[in-house]
Amino acid sequence: MPIFASVFLALNQAGIPFLVVGGHAVVLHGHLRNTFDLDLLMPDSKLVAARAALVKLGYRTYFETDAFLQLQASENLPPLDLMIVDDQTFARIEVTADWKVLDGREIRVPDALRLIALKLHATRDRARRTTETDWQDIVGLFKTINRNLEDPEVRTIISQYGGPQALTEIRRRLSGW
Amino acid sequence: MGDLKRSRKSGDDLAVGDQPELLRLPTPAEALHQWTEQDIGPRVMIDAMETMIQIARSQPDFEARRLARKTTKRFEY
């Protein structure tokens, strides 16, 4: 019962670059958990065209900020969220993205370390009800990629996007995995 | 998993016994997460999630609950 493919097809036909992020990207990297939403990362410059393509497909806006768009649709389309970033950020994440297959279509996801950066960023949003799933994803991704926490690139990502306590939290969770 | 004898012994009707080609469901003693990592892959998981989505979205506050889980702050890299 594929419901994601129509979204990918509509965006591809409209020439919209996107990366699958969120729970599906985590699953595609090998850390299996459930998720209800399809989350897409997209550059600012393509938002107007993306919104037009998605409205044409049957979506309507439920909530939006300058960095986030939550869309709802009929039952034959997935719950969809757009995470909007500046074009430079998108290009920097896109360059190391991995190709995966979702609903029979080739799509791109951020590589595991960039996905961890996105998850760490999410843990610092105090307006959210809980960040537990994000921490589980972060630890799950680290287990999957088997990267050393002492690696300079890893340390930089953790401190820059997770803050001063993130490394301690990741170590604590990895030790109890 | 793979301990089908233990499954039958425990009276678990979900175990498939002598039909190894079928999807083996977890016995009560096994953690579901461990089972998913061992016995199913991302493709099966995503198919299952698509089915769950259709059920979950029938809740009247589905979109509000989704929103509560999201970060709306801009990410820069």
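This structure is a prediction, so every number in the text was calculated from the model and none was measured. (Residues numbered from 1 in each chain as written. Chains lettered and ligands numbered in written order. Predicted model: local features only at pLDDT ≥ 70, side-chain atom pairs only at ≥ 80, totals over all residues.)

### A look at the domain arrangement of chain A
Accessible area lost upon the coming together of the parts serves often as the stated size of an interface.
Residue and element names in this part refer to chain A.
Inference 1: In terms of domains, chain A is made up of domain 1 (1-110) and domain 2 (112-177).
Inference 2: Once you take the C-alpha centre of each, domain 1 and domain 2 turn out to be 22 Å apart.
Inference 3: When the residues that make up the side of domain 1 that touches domain 2 are grouped by side-chain class, the tally is 6 nonpolar, 4 polar and no charged. (Domains from an automatic or database assignment. Nonpolar A, V, L, I, M, F, W, Y, C, P; charged D, E, K, R; others polar.)

### Some remarks on the packing of helix 1 (residues 5-13) of chain A against helix 3 (residues 47-57) of chain A
Geometry of a packed helix pair, given as the angle between the helix axes and the separation of the axes.
Residue and element names in this part refer to chain A.
Inference 1: Two elements in contact, helix 1 and helix 3, have axes separated by 9 Å at closest approach and are oriented at 135°. Put simply, helix 1 runs oblique to helix 3. Pair helix 1 / helix 3 crosses with right-handed handedness. For the pair helix 1 and helix 3, contact is made by Ser6, Val7, Ala10 and Leu11 and by Ala50, Ala53, Leu54 and Leu57, respectively.
Inference 2: Looking at the contact of helix 1 with helix 3 residue by residue, the classes come out as 7 nonpolar, 1 polar and no charged. (Axes fitted to C-alpha atoms, helices over the stretch in contact; angles between N-to-C directions. Helix = DSSP H or I, 4+ residues; strand = E, 2+ residues; numbered from the N terminus. Parallel < 35°, antiparallel > 145°, perpendicular 65-115°, else oblique. Left-handed = near helix turned anticlockwise from the far one by under 90°. Contact = placed C-beta atoms within 7 Å.)

### Here's the deal with the interface of chain B and chain A
Inference 1: Each side of the interface is counted separately: chain B has 26 residues, and chain A has 37 residues.
Inference 2: If you list the elements that add at least two residues to the side of chain B that touches chain A, you get helix 2 (32-39), helix 3 (42-56) and helix 4 (62-68) of chain B.
Inference 3: Residue composition of the side of chain B that touches chain A, grouped by class: 11 nonpolar, 5 polar and 10 charged.

### Some details on unusual backbone geometry
Residue and element names in this part refer to chain A.
Inference 1: If you check the backbone angles, aspartate 103 has positive phi at about 55° while not being a glycine.
Inference 2: Residue placement: aspartate 103 occurs in the loop between strand 6 (98-102) and strand 7 (105-109).
Inference 3: C-beta crowding within 10 Å serves as the criterion here: with 21 such atoms nearby, aspartate 103 is assigned to the buried category.
Inference 4: Phi at asparagine 146 is positive, roughly 55°, even though this residue is not glycine.
Inference 5: Along the chain, asparagine 146 falls in the loop between helix 6 (132-145) and helix 7 (152-162). (Buried ≥ 20, exposed ≤ 12 C-beta atoms within 10 Å, placed from the backbone.)

### Comments concerning the sheet that holds strand 4 (residues 68-72) of chain A
Residue and element names in this part refer to chain A.
Inference 1: Overall, mixed pairing links the 5 strands, which are arranged 1-2-5-4-3 in an open sheet. The open sheet has two free edges, formed respectively by strand 1 (19-21) and strand 3 (60-64), since each of these has just one partner strand. Averaged over all pairs of adjacent strands, the angle between their axes in this sheet comes to 30°, without regard to strand direction.
Inference 2: As defined by bridge partners, strand 3 adjoins strand 4 across 4 bridges and the pair is classed as antiparallel. (Pairing = 2+ DSSP bridges.)

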